[in-house]
Amino acid sequence: MSENPFRYPKLDSIYQQYLADENSAEFVDRVASCYTLSTLERLASSGKRISRRAAVMALGFLGNYRNNEIFGRALIDPDRAVRLLADHGIREIWQRQGTPGQQAAVQQLYRLVAQSQMDEVIDLSSELIRENPKLGEVWNQRAIAYCFEGYFEAAIDDCLETLNCNRFHFPAAMGIGHCQLQLEDTVAALDSFRLALKINPDLDGIRHQITQLEKILED
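For every chain, the first residue of its written sequence is number 1, and the numbers climb from 1 along that sequence. Under the rules for a predicted model, residues below a pLDDT of 70 receive no local features and side-chain atom pairs below 80 are neither given nor counted, while totals for whole chains, interfaces and linings still include all residues. The side-chain values count all of the structure's non-hydrogen atoms but skip hydrogen atoms and water molecules.

> Is there a simple way to think about the nonpolar core in this case?
One broad rule of soluble globular proteins: the nonpolar side chains tend to lie buried together. Counting 66 residues, the largest nonpolar core has L11, F27, V31, L40, I90 and F170 as its most contacted members. A per-element tally of this core places helix 4 (residues 49-62) first, with 7 residues. Note on definitions: a residue-residue contact is assigned when non-hydrogen atoms from the two residues lie within 4.5 Å. Excluding residues within four positions of it along the chain, F27 makes contact with I14, Y15, Y18, A54, M57 and A58. Residues enter a nonpolar core if they are buried and are Ala, Val, Leu, Ile, Met, Phe, Trp, Tyr or Cys, with the set joined through side-chain atoms within 4.5 Å. With a 1.4 Å probe rolled over the protein chains alone, any residue whose accessible area is under 20% of its type maximum counts as buried; one over 50% counts as exposed, and the rest are partly exposed. In DSSP terms, a helix is any run of H or I states spanning at least four residues, a strand is any run of E spanning at least two, and both are numbered starting from the N terminus.

Structural data, given as structure tokens:
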């Protein structure tokens, strides 16, 4: 679907103004007053380059987990700026899944992980999973805790559950690879890192790790 030249440049001008003044609050307010979420979704998928950038950025502020597919496709957009905005935005909307209470609990998990309180992470994550097993980010936070505690196989299982819930969760694919390296399964780790890079081709550190593992296997 092509852009409407009479309407879509408005979004472009709002985005250009944001680039000039870096006022994100004004950017969000102006976009919200002019565009619905459904229009932003359409622009993020099929707009021209600047419109895609603006729409993906706006959805990062205004969207929710229902936009996961939009962001997942944007991770492989031909435009690097769109891909980078999608990388940031998709991580934001992963926190907006579930009820308000569940979203608040995910924020608590982040704080506990940052404080290395992994037993508390495991307990709270397990409680949330029992409540709603579709919360991919919760599975991922418990995987981080298991990996930190050295329970690598359990961490892999939780990362797989994360990917079952959310096929675009490239950190989970990366986590599987890192755990497999700890278990000295280089071949499997290489496959996991390749999956992460397929989902998000701008993971330069993972690309370098893939190159290193390929050299190890060749030798």
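> Even after reading the chapter, I still don't get the packing of aromatic side chains, so can you show me in this structure?
For this analysis, a ring pair means two rings from Phe, Tyr or Trp (six-membered ring only for Trp) whose centres lie within 6.5 Å, classed as stacked if their planes differ by under 30 degrees, edge-to-face if by over 60, and tilted for the remaining angles. All chains considered together, the criterion is met by 4 aromatic pairs. Geometrically, the ring pair formed by Y15 and F27 is edge-to-face, given 6.5 Å between the ring centres and 65° between the ring planes. Here the residue Y15 occupies a position in helix 1 (residues 8-21), and F27 occupies one in helix 2 (residues 24-34), the gap between them amounting to 12 residues. The class of Y15 is buried, set by a relative accessible area of 6%. Taken together, a centroid distance of 5.8 Å and an interplanar angle of 55° make the contact between W94 and F170 tilted. Here the residue W94 occupies a position in helix 6 (residues 80-94), and F170 occupies one in helix 11 (residues 170-182), the gap between them amounting to 76 residues. You'll find W94 and F170 in the same group, each marked buried. Three or more aromatic residues joined by ring pairs make a cluster, and in this case those are Y15, Y18 and F27.

> Even after reading the chapter, I still don't get the packing of helix 2 against helix 4, so can you show me in this structure?
A packed helix pair is summarised by two numbers, namely the angle formed by the two axes and the spacing between the axes. Throughout, an axis means a line fitted to C-alpha atoms (over the contacting stretch in the case of helices), and angles, computed between N-to-C directions, take values from 0 to 180 degrees. Between helix 2 and helix 4, the shortest axis-to-axis distance is 10 Å and the interhelical angle comes to 100°. The orientation of helix 2 with respect to helix 4, classified from their angle, is roughly perpendicular. Along the contact surface, helix 2 presents S24, F27, V28, V31 and A32, while helix 4 presents A54, M57, A58, F61 and L62. Considered class by class, the residues forming the contact of helix 2 with helix 4 number 9 nonpolar, 1 polar and no charged. Between 65 and 115 degrees an angle is taken as roughly perpendicular, under 35 as roughly parallel, over 145 as roughly antiparallel, and anywhere else as oblique. The classification used treats Ala, Val, Leu, Ile, Met, Phe, Trp, Tyr, Cys and Pro as nonpolar, Asp, Glu, Lys and Arg as charged, and all other residues, Gly among them, as polar.

> What is the right way to read the packing of helix 11 against helix 12 (residues 186-199) from this model?
The interhelical angle for the contact between helix 11 and helix 12, taken along N-to-C directions, is 165°, at an axis separation of 8 Å. Our classification of the angle between helix 11 and helix 12 gives roughly antiparallel. Of the two elements, helix 11 crosses helix 12, and the hand of that crossing is left-handed. Counted together, F170, A173, M174, I176, G177, H178, Q180 and L181 of helix 11 and T186, A188, A189, S192, F193, L195, A196 and I199 of helix 12 form the full contact between these two elements. Classifying every residue of the contact of helix 11 with helix 12 gives 11 nonpolar, 5 polar and no charged. Should the near helix be turned counterclockwise from the far one by less than a right angle, the crossing is left-handed, whereas a clockwise turn marks it as right-handed.

> Sorry if this is basic, but what is going on with the side chain of Q141 here?
Take Q141: it is sitting in helix 9 (residues 136-149). Relative accessible area serves as the criterion here: at 3%, Q141 is assigned to the buried category.

> For this particular structure, what's the right way to read helix 8 (residues 118-131)?
A turn of α-helix holds 3.6 residues, and therefore any two residues three or four places apart point the same way. In this scheme, a helix's expected span is set at 1.5 Å multiplied by one less than its residue total. Helix length check: helix 8 (14 residues) gives 20 Å between terminal C-alpha atoms against 20 Å at 1.5 Å per residue, within 8%. Those residues of helix 8 that sit buried are M118, V121, I122, L124, S125, S126, L128 and I129. The elements touched by buried residues of helix 8 are helix 7 (100-114) and helix 9.

> It is not clear to me how the pattern of salt bridges should be interpreted in this structure. Could you clarify?
Where charged atoms from two side chains of opposite charge approach closely, those side chains can pair. A side-chain nitrogen of Lys or Arg and a carboxyl oxygen of Asp or Glu constitute a salt bridge if their distance falls within 4 Å. Enumeration over the complete set of coordinates arrives at 11 salt bridges. In this structure, R53 and D79 form a salt bridge, with 2.8 Å as the shortest nitrogen-oxygen distance. You can see R53 sitting in helix 4 and its partner D79 sitting in the loop between helix 5 (68-74) and helix 6, a full 26 residues away along the chain. By relative accessible area, R53 is classed as buried at 16%. Since its relative accessible area comes to 11%, D79 is described here as buried. Between R80 and D202 there is a salt bridge; the shortest N-O distance is 2.8 Å. With R80 in helix 6 and D202 in the loop between helix 12 and helix 13 (204-218), the pair connects residues that are 122 residues apart, well separated along the chain. One continuous salt-bridge network, built from bridges that share partners, spans E69, R73 and R167.

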